[in-house]
Amino acid sequence: EAGVTQFPSHSVIEKGQTVTLRCDPISGHDNLYWYRRVMGKEIKFLLHFVKESKQDESGMPNNRFLAERTGGTYSTLKVQPAELEDSGVYFCASSQVGLRTEAFFGQGTRLTVV
Amino acid sequence: AQSVAQPEDQVNVAEGNPLTVKCTYSVSGNPYLFWYVQYPNRGLQFLLKYITGDNLVKGSYGFEAEFNKSQTSFHLKKPSALVSDSALYFCAVRDLNAGNNRKLIWGLGTSLAVNP
């Protein structure tokens with residue numbers, strides 16, 4: 001069974017540019033999450049989809065960040081325009097329904113804004 | 001406020017010795033607790049979880065963790081460390097009383113170095 005896949009693995013962009021990160025969850029997982037780890041800090045929650053609906057986007061830093069989950073399958077996270085403080089590792093995770101289930105993570109996308 | 005503390009940035013142990021990676025948490029409700037490991041250039045990999053029941057839970061690669069409600073701790077342990085256990089370890093908690101009880105709250109991570 002394929003795991004959670006994220007693309008690209010690395011991205012270096014200039015301040016002011018746009019970047020789109022993609023996440024393909026494990027097939028059949030209704031829950032999809034985005035997290036971010038800024039260097040030296042803890043991993044922080046960004047948002048949570050249940051199928052195609054945003055269940056909780058309280059962790060999104062500001063309106064430069066836009067997440068979508070088309071048809072309840074893959075998800076994209078767009079940063080437009082990117083700022084220096086957006087640099088970090090963006091993790092995507094998915095899980096089955098049920099509170100007791102654990103989340104499975106992708107390998108992350110390392111975003112560097114210069 | 002919900003929080004997870006991993007008091008040690010780095011833990012060093014000799015191969016074959018027991019290891020402990022510490023984690024304490026603070027949540028308003030009942031916790032679900034998790035340990036994840038990140039090997040170099042890899043993603044976060046699930047190790048084990050505490051949901052309910054026996055306070056000692058066993059996970060992948062010989063790791064185990066003990067839930068202690070009175071001390072609000074969930075320390076990760078392994079009886080005999082391997083060099084291949086060297087990695088970054090993260091403790092995380094879900095607060096069942098939170099508005100979004102599926103959201104994970106994370107510690108800063110502990111870098112484990114096992115020396116041959």
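The structure contained in this document is the topic of the report that follows. Treat the numbers as computed from the prediction; the structure is a model and nothing was measured.

1. A closer look at the sheet that holds strand S3 (residues 19-24) of chain A
Residue and element names in this part refer to chain A. Pairing is antiparallel across the open sheet formed by 4 strands, whose spatial order is S1-S3-S8-S7. With partners counted over all chains shown, the strands left at the sheet margins are strand S1 (5-7) and strand S7 (65-68), one partner each. This sheet shows a mean twist of 15° between the axes of neighbouring strands, independent of strand direction. Here S1 pairs with S3 via 3 bridges, running antiparallel. When the bridges of S3 are listed, Phe 7 appears paired with Arg 22.

2. Describing the nonpolar core
With 29 residues, the main nonpolar core has B:Trp35, B:Leu47, B:Leu48, B:Phe74, B:Leu76 and B:Tyr89 as its most contacted residues. Taken together, the elements giving at least two residues each to this core come down to strand S2 (10-14), strand S3 (19-21), strand S5 (31-38), strand S6 (44-50), strand S8 (64-68), strand S9 (73-78), strand S10 (87-95) and strand S12 (110-115) of chain B. Among the elements that take part in this core, S10(B) stands out by supplying 4 residues, more than any other. When neighbours within four sequence positions are excluded, B:Tyr89 is seen to be in contact with B:Gln6, B:Trp35, B:Tyr36, B:Val37, B:Leu47, B:Phe63, B:Leu76, B:Gly109, B:Thr110 and B:Leu112. One finds A:Leu32, A:Leu46, A:Met60 and A:Phe65 within the second-largest nonpolar core, a separate group that totals 21 residues.

3. Quick notes on the environment of B:Asn101
Mapped onto the elements of the fold, B:Asn101 is located in the loop between S10 and strand S11 (105-106). Separated by 98 residues in sequence, B:Asn101 and B:Ser3 have C-alpha atoms that sit 14 Å apart.

About the criteria used
Residues numbered from 1 in each chain as written. Chains lettered and ligands numbered in written order. Predicted model: local features only at pLDDT ≥ 70, side-chain atom pairs only at ≥ 80, totals over all residues. Heavy atoms only, no water. Pairing = 2+ DSSP bridges. Helix = DSSP H or I, 4+ residues; strand = E, 2+ residues; numbered from the N terminus. Axes fitted to C-alpha atoms, helices over the stretch in contact; angles between N-to-C directions. Core = buried A, V, L, I, M, F, W, Y, C linked by side-chain atoms within 4.5 Å. Buried < 20%, exposed > 50% of the residue type's maximum accessible area, 1.4 Å probe, protein only. Contact = heavy atoms within 4.5 Å.

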